[in-house]
Each structure stands twice: as structure tokens, then as C-alpha cells.
Amino acid sequence: MSLCSHLDLIDYDAVDPDAPGCEECLAAGGRWVHLRACQTCGHIACCDSSPNRHARAHALKVGHPVVRSYEPGEGWFYCYPDDLTFELVGAPPAPSHA
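Note that the coordinates shown come from a computational prediction; the quantities given were computed from them, not determined experimentally. (Residues numbered from 1 in each chain as written. Predicted model: local features only at pLDDT ≥ 70, side-chain atom pairs only at ≥ 80, totals over all residues. Heavy atoms only, no water.)

### Some thoughts on unusual backbone geometry
Trans peptide bonds make up the majority, and among non-glycine residues the majority have a negative phi.
Here's step 1: The backbone of arginine 53 shows a phi angle near 50 degrees, a positive value even though the residue is not glycine.
Here's step 2: Within the element layout of this structure, arginine 53 appears in the loop between strand 2 (44-46) and helix 2 (54-62).
Here's step 3: Residue arginine 53 is classed as partly exposed on the basis of its relative accessible area of 44%.
Here's step 4: Phi is positive for aspartate 83, which is not a glycine, with a value near 50 degrees.
Here's step 5: With respect to the helices, strands and loops of the structure, aspartate 83 is situated in the loop between strand 4 (77-79) and strand 5 (84-86). (Helix = DSSP H or I, 4+ residues; strand = E, 2+ residues; numbered from the N terminus. Buried < 20%, exposed > 50% of the residue type's maximum accessible area, 1.4 Å probe, protein only.)

### Quick word on the packing of aromatic side chains
Where two aromatic rings form a pair, the distance of their centres and the angle of their planes describe that pair.
Here's step 1: Evaluation of the coordinates by the stated rule reveals two aromatic pairs.
Here's step 2: Seen in terms of ring centroids, phenylalanine 77 and phenylalanine 86 are 5.4 Å apart; in terms of plane orientation they differ by 10 degrees. Their pairing is stacked. For the pair phenylalanine 77 and phenylalanine 86, a shared accessibility class is recorded, and that class is buried.
Here's step 3: Aromatic pair tyrosine 78 and tyrosine 80: ring centres 5.1 Å apart, planes at 85 degrees, arrangement edge-to-face.
Here's step 4: Residue tyrosine 80 is classed as buried on the basis of its relative accessible area, which comes to 11%. (Phe/Tyr/Trp six-rings, centres within 6.5 Å; stacked < 30°, edge-to-face > 60°.)

### Topic: the nonpolar core
A general tendency of soluble globular proteins is for nonpolar side chains to be buried together.
Here's step 1: One finds Cys22, Leu35, Ile44, Tyr70 and Tyr80 to be the most contacted residues of the largest nonpolar core, which totals 14 residues.
Here's step 2: With three residues, strand 2 is the single largest residue contributor to this core.
Here's step 3: Excluding anything up to four places from it in sequence, leucine 35 contacts Pro20, Gly21, Cys22, Ile44, Ala45, Cys46, Arg68, Ser69, Tyr70, Glu71 and His97.
Here's step 4: Counting seven residues, the second-largest nonpolar core is a separate cluster that includes Cys4, Val66, Phe77 and Cys79. (Core = buried A, V, L, I, M, F, W, Y, C linked by side-chain atoms within 4.5 Å. Contact = heavy atoms within 4.5 Å.)

### Considering the pairing of strand 3 (residues 66-69)
Here's step 1: The alternating pattern of strand 3 places Val66 and Arg68 and Val67 and Ser69 on opposite faces, both of which are buried.
Here's step 2: Taken together, the three bridges between strand 1 (residues 35-38) and strand 3 define a ladder with antiparallel strand orientation. The residue bridging alanine 37 from the neighbouring strand is arginine 68, located in strand 3.
Here's step 3: Two elements, strand 3 and strand 4, share three bridges in a ladder whose sense is antiparallel. Bridge pairing in strand 4 links valine 67 to tyrosine 78. (Pairing = 2+ DSSP bridges.)

Structure follows, in C-alpha cells:
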């Protein structure tokens, strides 16, 4: 079983997302498929299935490797450098957009 090597970068206290959608897409009038919340700073961005892949771009640009689904009913995490989807026992409930 593979483990994310970036768990120490998850900051539950700093992650308080409140954007109604992908921050870059909203600013540019773009569209997205699904949303992700950066687990280091709370930035909301679009997934790799979206045209602009803003969540991955954010992770690469600022070095915040772990995102969490920002979709209702989902609580999984994804680490870009480790290419790993996972769940964390004991993690607080996942926030989501309306």
C-alpha cells in the first residue's frame, strides 16, 4: 500500500474554502467539471477533467501538493507528486460547494 509522503503539509486550520467555484475560471469566465480544495491554503480550483486544470497548476506553481475533493458527498484526497488518491481516517468532514 502506498502512502502520501506529503501529509505533513495538510493544514486543516488553514483550509476554509468559501469560493463558489474555481477561482481562476470565475475570474476569466471559464468553466469547470469538478472542484478541488488545496489542503495547504484552501484555494479552490478545477480538476484535471476541466479545460484549464487550475488545481494542478496551483499545486505546481506554489508547491502545495495535496488537494481534497470539493464536491458534495466526497471526502477523498489526492497528492499530485505521489500520484495517489487516498482517504484519511480521522480527517474533519470535507467542505463542498453548494
